[in-house]
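Architecture and fold: a report
Each chain is listed here by its residues.
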Amino acid sequence: MSIATFIILYGSLLTFFPLMASARFGASTMTIGLLMSVMSISTALTSTQMGRLSAKFGEKNLIKAAFLFYGAALLIIPAISSVSLYALPAVIFGLGHGMNIPAIMSLMAGYAPMEHRGVLMSVNGMVLRMGQTAGPLLMGIAYTLWGIAGPFYAGAVLALAVSIGGVIAVKY
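Cut-offs and rules
- Residues numbered from 1 in each chain as written.
- Predicted model: local features only at pLDDT ≥ 70, side-chain atom pairs only at ≥ 80, totals over all residues.
- Heavy atoms only, no water.
- Helix = DSSP H or I, 4+ residues; strand = E, 2+ residues; numbered from the N terminus.
- Expected span 1.5 Å × (residues − 1).
- Bend = angle between axes of the 7 residues up to and from the residue.
- Buried < 20%, exposed > 50% of the residue type's maximum accessible area, 1.4 Å probe, protein only.
- Axes fitted to C-alpha atoms, helices over the stretch in contact; angles between N-to-C directions.
- Parallel < 35°, antiparallel > 145°, perpendicular 65-115°, else oblique.
- Left-handed = near helix turned anticlockwise from the far one by under 90°.
- Contact = heavy atoms within 4.5 Å.
- Nonpolar A, V, L, I, M, F, W, Y, C, P; charged D, E, K, R; others polar.
- Phe/Tyr/Trp six-rings, centres within 6.5 Å; stacked < 30°, edge-to-face > 60°.
- Patch = residues over 30% accessible without salt bridge, like charges linked within 9 Å, V, L, I, M, F, W, Y side chains within 5 Å.
- Areas by Shrake-Rupley, 256 points an atom, 1.4 Å probe, with all protein chains shown as cover.
- Salt bridge = Lys/Arg side-chain N within 4 Å of Asp/Glu carboxyl O.
- Core = buried A, V, L, I, M, F, W, Y, C linked by side-chain atoms within 4.5 Å.
- Arc of directions from axis to C-beta.

1. A word on helix α6 (residues 117-146)
The terminal C-alpha atoms of α6 lie 41 Å apart, and with 30 residues this matches the ideal 44 Å at 1.5 Å per residue to within 8%. Along α6, the helix axis deviates most sharply at Ala-134, where the bend reaches about 35 degrees; the proline Pro-136 sits within four residues downstream. Those residues of α6 lying buried are Asn-124, Leu-128, Gly-131, Gly-135, Met-139, Gly-140 and Ala-142. The positive-phi residue at the C-terminal boundary of α6 is Gly-147, with phi of around 80 degrees.

2. Some remarks on the packing of helix α2 (residues 29-47) against helix α5 (residues 87-111)
Where α2 contacts α5, the axes come no closer than 7 Å and their chain directions differ by 40 degrees. Taken together, the axes of α2 and α5 lie oblique to each other. In this structure, α2 meets α5 at a crossing whose hand is right-handed. Between α2, through Leu-35, Val-38, Met-39, Ser-42, Thr-43, Thr-46 and Ser-47, and α5, the contact on the second element is made entirely by Ala-87, Ala-90, Val-91, Phe-93, Gly-94, Leu-95, His-97, Gly-98, Met-99 and Pro-102. Here the contact of α2 with α5 is composed, by residue class, of 10 nonpolar, 7 polar and no charged.

3. Considering the packing of aromatic side chains
Tallying each qualifying case throughout the model produces 6 aromatic pairs. Among the aromatic residues, ring-to-ring pairing joins Phe-17, Phe-25 and Tyr-86 into one connected group.

4. Re a nonpolar patch on the surface
Side chains of Ile-3, Val-119, Val-123, Met-126 and Met-130 sit close together on the surface and give an oily, nonpolar patch of about 420 Å² of accessible area. If one sorts the elements of the nonpolar patch by residue count, α6 sits on top with 4 residues. Structurally, Val-123 can be placed in helix α6. Among the residues examined, Val-123 registers a relative accessible area of 40% and is labelled partly exposed.

5. Looking at the nonpolar core
Membership of the largest hydrophobic core comes to 40 residues, with the highest contact counts inside it found for Phe-17, Phe-67, Ile-77, Tyr-86 and Phe-93. Of all the secondary structure elements, the ones that give two or more residues to this core are α1 (2-25), α2, α4 (59-76), α5, α6 and α7 (150-171). For this core, the element with the most residues is α1, which contributes 10 residues. If we skip the residues at most four places from it in the chain, Phe-67 touches Met-1, Ala-4, Thr-5, Ile-8, Asn-100, Ala-159, Val-162 and Ser-163.

6. Remarks on α2
The end-to-end C-alpha distance of α2, which contains 19 residues, comes to 27 Å, matching closely the 27 Å that a straight helix rising 1.5 Å per residue would cover. Buried within α2 are the following residues: Ile-32, Leu-35, Met-36, Met-39, Ser-42, Thr-43 and Thr-46. All buried residues of α2 fall inside an arc of 105 degrees around its axis, so they share one side. Exposed residues lying more than 90 degrees from the buried face of α2 are Thr-29, Met-30, Leu-34, Ile-41 and Leu-45.

7. Describing the environment of Met-99
Mapped onto the elements, Met-99 comes out in helix α5. Between the alpha carbons of Met-99 and Ser-47 there is a distance of 6.1 Å; along the sequence they are 52 residues apart.

8. A word on the side chain of Ser-163
Following the sequence through the fold, Ser-163 ends up in helix α7. For Ser-163, a relative accessible area of 4% translates into the label buried. Leave out the neighbours within four places in its chain, and Ser-163 touches Lys-64, Phe-67 and Leu-68.

Okay, here's the thing in structure tokens:
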């Protein structure tokens, strides 16, 4: 799930969201930065509620929901008709991200015995860097094949597949 998270984050959102806002609406770097800040603020605010959310829903359910939030945000982005409306998918994506990262870290820390926890967290760091590296490449291929909407739709498909895969994995 860590690799998928960072493929989506670095591939679909951080690489192609600014390009689309600029190409479609002539958004300035300041406007794009403000929109990206909306996502970060949404992430931070959601993360502060993880204790309550985890107690009520559990980490596994939050991760599955987070990928649904990712998918919804990415599906909305190509349909946006005004640069100011980009704030909506930014908030939705931030909500998902604010649930996903803390829940994954919490689950990993809980799964590993104390003497091996550092190794597990280090391996996760390597895996997420792989996602950061592969994301722009994979979504660049989607862009080449399907145009500017391609990376968003490809990221949404990946997010929905991870969420569905999580539902199936928990049942078996």
